[in-house]
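These are the residues of each chain, in order.
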Amino acid sequence: MAGLSFCGNNVTKNAYSVDTGMLNNGCFVDALNLVPHVFLLFITFPILFIGWGSQSSKVQIHHNTWLHFPGHNLRWILTFTLLFVHVCEIAEGIVSNKQMDTNHLHLFMPAFMGFIAATTSVVYYHNIETSNFPKLLLALFIYWVLAFITKSIKLWKFAEYGVGVLHLRFCITALLVVLYGLLMAVEINVIRVRRYVFFANPQKVKPPEDLQDLGVRFLQPFVNLLSKATYWWMNPLIIGAHKRPIELKKIGKLPIAMRALTNYLKLKDAYEDQRQNAEDPEKAPSIWRSMYRAFGRPILLSSTFRYLADLLGFAGPLCIYGIVEHLNKKPVKEGSVVPYFEVYFMSSNELLQNTSVLAVLLFLALVLQRTFLQASYYVTIETGINLRGALLAMIYNKILRLSTSNMSMGEMTLGQINNLVAIETNQLMWFLFLCPNLWAMPVQIVMGVILLYYLLGTSALIGASVIVLLAPVQYLIATKLADTQKSTLDQSTERLKKTTEILKGIKLLKLYAWENIFCDSVEDTRGKELTSLRTFALYTSMSIFMNAAIPIAAVLVTFVSHALINKSKPSSSEAFAALALFHILVTPLFLLSTVVRFAVKAMVSVQKLGEFLQSDEIGDDSWRNGDMSVSLEACKKHPGATKAINRKQPLLYQMDNYEQPARRPLRPNETEDVAVKVNGGFFTWGSNLSTLSDINICIPTGQLTMIVGQVGCGKSSLLLAMLGEMQTLSGKVYWSKLPVSEMLHEANSKNRYSVGYATQKSWLLNATVEDNITFGSPFNKQRYKTVIDACSLQPDVDLLPFGDQTEIGERGINLSGGQRQRICVARALYQNTNIVFLDDPFSALDIHLSDHLMQEGILKFLQDDKRTVVLVTHKLQYLIHADWIIAMKDGSVLREGTLKDIQTHDVELYEHWKTLMNRQDQELEKDTEIDNCQTALERKTLRRAFYSREAKNQVDDDEEEEEEEEEEDDNMSTTTSRRSKIPWRVCWQYLSSGGFLMVFLMVFSKLLKHSVMVAIDYWLAEWTANGDGPVNGTAYDDVPVNGTANGDVPVNGTANDDANGYAPDFGNVTRDFVNASAAAVFSNRTNSAAGLPDSYYVPVFIILCGAGIALCLITSLTVEFLGLSAATNLHHNLLNKIIHAPIRFFDVTPLGQILNRFSADTNIIDQHIPPTLESLTRSTLLCLSAIGVIAFVTPSFLIALIPLAVSFYFIQKYFRVASKDLQDLDDSTQLPLLCHFSETAEGLTTIRAFRHESRFKQKMLELTDTNNTAYLFLSAANRWLEVRTDYLGAVIVLTAAVASIWSSGKNLPSSMVGLGLTYALTVTNYLNWVVRNLADLEVQMAAVKKVNSFLSTESENYEGSMDTTQVPEDWPQHGEIKIQDLCVRYDPLLKPVLKHVNAYINPGQKVGICGRTGSGKSSLSLAFFNMVDVFEGRIIIDGIDICKLPLQTLRSRLSIILQDPVLFSGSIRFNLDPERTCTDDRLWEALEIAQLKNMVKALSGGLDAVVTEGGENFSVGQRQLFCLARAFVRKSSILIMDEATASIDMATENVLQKVVMTAFADRTVVTIAHLVSSILEAEQVLVFSAGQLVECDSAVNLLAQQDSLFSVLVRTHK
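The text that follows walks through the structure, step by step, so that each part is easy to find. (Residues numbered from 1 in each chain as written. Predicted model: local features only at pLDDT ≥ 70, side-chain atom pairs only at ≥ 80, totals over all residues. Heavy atoms only, no water.)

## Remarks on helix 12 (residues 315–326)
To be explicit about the condition: Strands are runs of DSSP state E lasting at least 2 residues, helices are runs of H or I lasting at least 4, and numbering of each runs from the N terminus. Take the number of residues in a helix, subtract one, and multiply by 1.5 Å to get its expected span. Type-normalised accessible area, obtained with a 1.4 Å probe on protein chains alone, sets the label of each residue: buried when under 20%, exposed when over 50%, and partly exposed for intermediate values.
An ideal rise of 1.5 Å per residue puts 16 Å on 12 residues; helix 12 measures up with 16 Å between its terminal C-alpha atoms. Those residues of helix 12 that sit buried are Ala315, Gly316, Pro317, Cys319, Ile320, Gly322, Ile323 and Val324.

What follows is the structure, given as structure tokens:
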């Protein structure tokens, strides 16, 4: 054991003698230092093993988290610092030991034990903390005291013997004394605060409120420091995602401090304070300042982290410099052997010349730098999210108080509000993410340039100037990109509009054989869109190219100028350090342009927000409350009481009280039987002209008041004026208060000051039918049933797939106007309010429904309830029911009183009403029939919508079910592999649609480029290692442009969450710098080159760099254009497939789903996949080439690579699955939030009338919090990944360094080591981009998969078995139709809809077809056009079997008028004749026949007058007549009318009938009628029942038979 004695065994000097006193023996002092460490280990190990082995002693707090003792974070920081100092102490001891003749264990053994003890102390502390056993902390306290004492003795002895600051060991010991002292202080503080010992009454503590709530799963704020830094608490979530997808339940609620409400109050306080303290009250408070006051602190914290990370970043190049410099040199001894201690004391400088020490330092610096960087990102992201929550709440509160005139006068459009919510808040959030870059970058740049100058002198400055000069070009490209993206957006909006139109009118297009014309027009727009996409691709690739080429250029310039100026070569150590520095420099310079762009956008956003927050608000409607006895003053917020309020009251009230000012109690003195009274009212909608003037009215309590008058005379305005929605110029509105006695009863039953209000334009929520009707009131089954019956909603509800639980509105089923209106009326009736305002509830209802609603709903339900009803209506026949009538004219009241009053006092008005009522009665008789069918028709449409939707859902669910079945397997492995598999097949489909040539080009150029990069580096290495030429190293390759390239919002990797997206992106650069170095190395091996002059190296170097730059350009272009050609082909195929799909496809596939393929999915394929693909291939190749170079330099590195590769594989596998789930959650929670905003803005008046503001605010806060939770988890998951890949990268650097130092003895040139290390440094930057891009690509490939699933649909058989040439030009000449044994079905899987039909129609005959709903009438009309599957029998028209004809021919020779009139946007000419084959005369003739000539003549432009989308600028009747004209333009001998008169009034229908009889006198007309009356004149009637033809004869004969089905139909429909 001679080699390992504790104090060394130097025979001459007796190391163990204690003659001069115990403490004067240095070795004894060191031994003494061991005592505390051993003591701690002996005490804590049993406690850790026994106490925590059983786990029983833990007090179960939520997730065994996390009761912090005071000074928690400080203790962790001190402990980490202590560990670091111990590492230095160990290093110092070992290095000093090497200078001695024999081993002196006491130099490093105590330090090593100290390291173990410190580690144990922190583990022990953590366990005590989670189980809340403070008494056990005593052990730690004793340890700190002992350690402090022993170290102090050592320090005192050093000082006594003149060991001073120049000696490293003295400094280390001094530091340890300070640290132990501080830790002792922390421990004393815990005793002081918690009083767990030495005090009589220990303090009881509870965990924070959030942790008592098991719903809170976001633990970042509560876990200990280590877990915070490494996101350890995310492990269960991310690994669990593998077994089952992450759902909303799993991510729980947000902690209180992050909720939108908390942050809203913070921002609001800051905003309001400014308003109060401003000298000029008119001036708007500054949003910037409020943001700073509310969120400034975390931003400063984040910036601090950022500075620390940036400074630590410079450790990399410096350590490389040191390692390469000192690798093969013997360190200079600067220390000395001090007497008495008989050991070597080294100087600080000497330790830093030891390469192994430098390698460890490099590793620690990297780990720390990455930890700080991720912490900085996390803090900014969390703050950004908090800010967004606060802004959303602020905008929402403002929306609820916007004056209505603002909305109606168009000052604030819905679009603007949606933009504020969707775009401006996000812009500000992004700006916050990038904010720390603004002040961190300049510092980084200045530091970098100084260090470069110090290494390479002036040539470095010349190189750096290249980067600086080219930065503006980057900025220019970035702005161009943004512009191009705007124009691309316009084009794609236009294309979507056209596509939507086609899909909506697809049935008509197919029947008229016009699909190709419309398809071409979409292709046309797509062409324009592709042109701007091409420009976009060009700029993107330029941007990628610049990022790649600038570093090469900089390095080229630097080294060439160095060769010219200095005439000497830099040493390899300088060259490598310079390369690594260039890498650090390039990133901020590129990022700067992005950050500046975002800053500009943020300013614009703030300006828009400011304008919005300053816009007009609605007046204070305190009068609506009559008398409010309780003042809300009590609840007003006091500045200090945030916490108190936060905790005590439900959030709901808090937000409300905070908003509403204390109401002025008003005591209107008027008789109690008046509910509302207006005195001398002049009201306006915002201009100073009054809309309503001189209004003096009373609304009697508990009675039915009707307001009548012509259209536009101010009836609706009067209601709104009473509700306080209009601006009052003068006058007062009084609302009565209830007598006190009644108030007590009423308080429970009716919501007093809210008004049940149904607007004229119905407004529905995106919710179930039941939610729309109950509208937040408690559900009362009896009442609900009564209301539904009164509004005759039951039949409609029965049709819905899930009854009244069906979602309606934007995301659900769209109902017809009448159905929507009845739901709105039902809402007003259901609410328990004293007063009900109904604004023209009958406008969209037919007469039966109106009567039923009037009788059951208004007269019975409301009047029995003694509720005050105000009804605006045009139906004068109901005036007899009114208790009080208000007649209006031109914005003022003409008369008010009972009907009797008016009859006696204003005979003229009464007579006028009478004539109107007579006219209405006559129309009534006509209407009954029509109306009946109107409702029937609505219900029929609804039924069709569902039938088809269900069928589709089955088809659609198939895919999902397959996946689900696999998921349900208990066999974990299948689901796991399923979810973590990368969709290679889809990727291949995508690449192959881009064309094989492009794929080959891309792969080839990428590989070539990376080889050239390595070659440049190798050459540089050759050059530097050669005796006189300058040195190695260059760096290049592109900065992944992720995100940035894509215009506004960083798209690729980044968008999904972090701004940092950018930074790391730039890593590539490094890698390359690295490469450069490679070169150096080898030269030493091949000394053959020695002595060659610069003139030999420089030209080759220039050529290689030139080639590298050219290849950068080529690769960036190939990837972008590969993406472009894939996008072109995919869209083209998709459009053609869908347009030529059979009609059945459109019945079963929801329109939204098809449109999604053309909007969202196409957008992803167009713009997002190419950059992601580019970034992915680049980062992967970078990592691979780096690992290749390291392995080449030090083959032993490969051994370490295996465990690293395995861990990397698992990290990426788990992350990709979790990231995808979290991204889906983020997307799916964003939509409801945006919908809620636009819904609120549309339904403002209703919400305010019902007084439901607080409920809506509450809902908004919940939605915001849900979305923010998903987003926070997503960004935390990204941090989780990056911390792990960064640590892996640091380990790679460490292994590379250790391997090269270890093999340096074996003739490995130092320049080679530099090469390997510089490469290793870059890996850190790229590993996480590989994973992030992989995850993004996986998400984006889903779009390709969806598009591909549509590409497999069958097309209709357009060919037919006959050749077009065999069909006569004028076929069909006569219009003779034979139907033989016809059987028809919609789909081979479905039952036949027509069975064995036989019929014969003579040329020119007028035929009627009728039958009950669903009997197969319409299916027959489709069979004529071969639109359905005719699987038996045939239809022969003029001797030709139509199934054999090419579809185009068949459909272009027949005419049809459909029941829903379809018009396309364009001109009238385009709608009548899109093929442009007819003369103007022919068109005018057609219009004249359809009775439209005069109307069209009156329009500006005549035939070229504009038709808006869907023909909205014409009435339904006019649209139907246009369709008739269209059928007439095509002169075919057969016309089919499919329920064509369903949506027309009587007058128009008569016109139509006349026209058909005269204009089509010599043609065959087949009319499919739902109203039997319309075919009473028909020469032949076919009556269908359940798909079979049951009667066939002339109408007269059939009517003669009493029991024929036809006469039954006629009788029931009369």
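## Points about the packing of helix 17 (residues 458–504) against helix 20 (residues 572–614)
Here is the rule: To get an axis, a line is fitted to the C-alpha atoms, and for a helix only the part in contact is used. The angle between two axes follows their N-to-C directions and goes from 0 to 180 degrees. Here is the rule for angles: anything less than 35 degrees is roughly parallel, anything more than 145 is roughly antiparallel, 65 through 115 is roughly perpendicular, and the remaining ranges are oblique. Two helices that cross are described as forming a left-handed crossing if the nearer one is turned anticlockwise from the farther one by less than a right angle, and a right-handed crossing if clockwise. The contact criterion used is simple: two residues touch if any of their non-hydrogen atoms lie within 4.5 Å.
At a minimum axis distance of 9 Å, the contact between helix 17 and helix 20 shows a crossing angle of 25°. Judged by the inter-axis angle, helix 17 sits roughly parallel to helix 20. Relative to helix 20, the crossing made by helix 17 is right-handed. In contact with Ala460, Gly463, Ala464, Ile467, Val468, Ala471, Gln474, Tyr475, Ala478 and Thr479 of helix 17, helix 20 contributes Phe582, Val586, Leu589, Phe590, Ser593, Val596 and Arg597.

## So, unusual backbone geometry
Its identity as a non-glycine residue notwithstanding, Ala513 has a phi of 55°, on the positive side. Mapping Ala513 onto the fold places it in the loop between helix 18 (506–511) and helix 19 (515–566). Note on Ala513: relative accessible area 6%, which makes it buried. Residues other than glycine seldom take positive phi values, yet Asp840 does so here, at roughly 45°. Locating Asp840 in the fold gives a position in the loop between strand 8 (835–839) and helix 29 (847–864). By relative accessible area, Asp840 is classed as buried at 6%.

## Quick notes on the sheet that holds strand 17 (residues 1455–1457)
For sheets, the rule is that strands pair by backbone hydrogen bonds, running either parallel or antiparallel. Cut-off, in case you're wondering: For two strands to be treated as a pair, DSSP must find at least two bridges joining them.
If you trace the 6 strands from one edge of the open sheet to the other, you get 17-20-21-14-22-23, paired in mixed fashion. Both outer strands of the open sheet, strand 17 and strand 23 (1588–1593), are each paired with one neighbouring strand and no more. Along the sheet, successive strands turn relative to each other by an average axial angle of 20°, direction set aside. Two strands pair when backbone bridges link them, and strand 14 (residues 1406–1411) and strand 22 (residues 1580–1585) are joined in this way by 5 bridges, in the parallel orientation. Directly across from Cys1410, in strand 22, lies its bridge partner Val1583.

## Some remarks on the sheet that holds strand 6 (residues 727–735)
In spatial order, the strands read 4-3-6; together these 3 strands make up an open sheet with antiparallel pairing. Looking at which strands have only one partner, the edges of the open sheet turn out to be strand 4 (692–700) and strand 6. Taking each pair of neighbouring strands and ignoring which way they run, the sheet shows an average axis angle of 5°. Lying on the sheet, helix 23 (residues 715–722) is in contact with strand 3 (674–684), strand 4 and strand 6; it crosses strand 4 at an angle near 70°.

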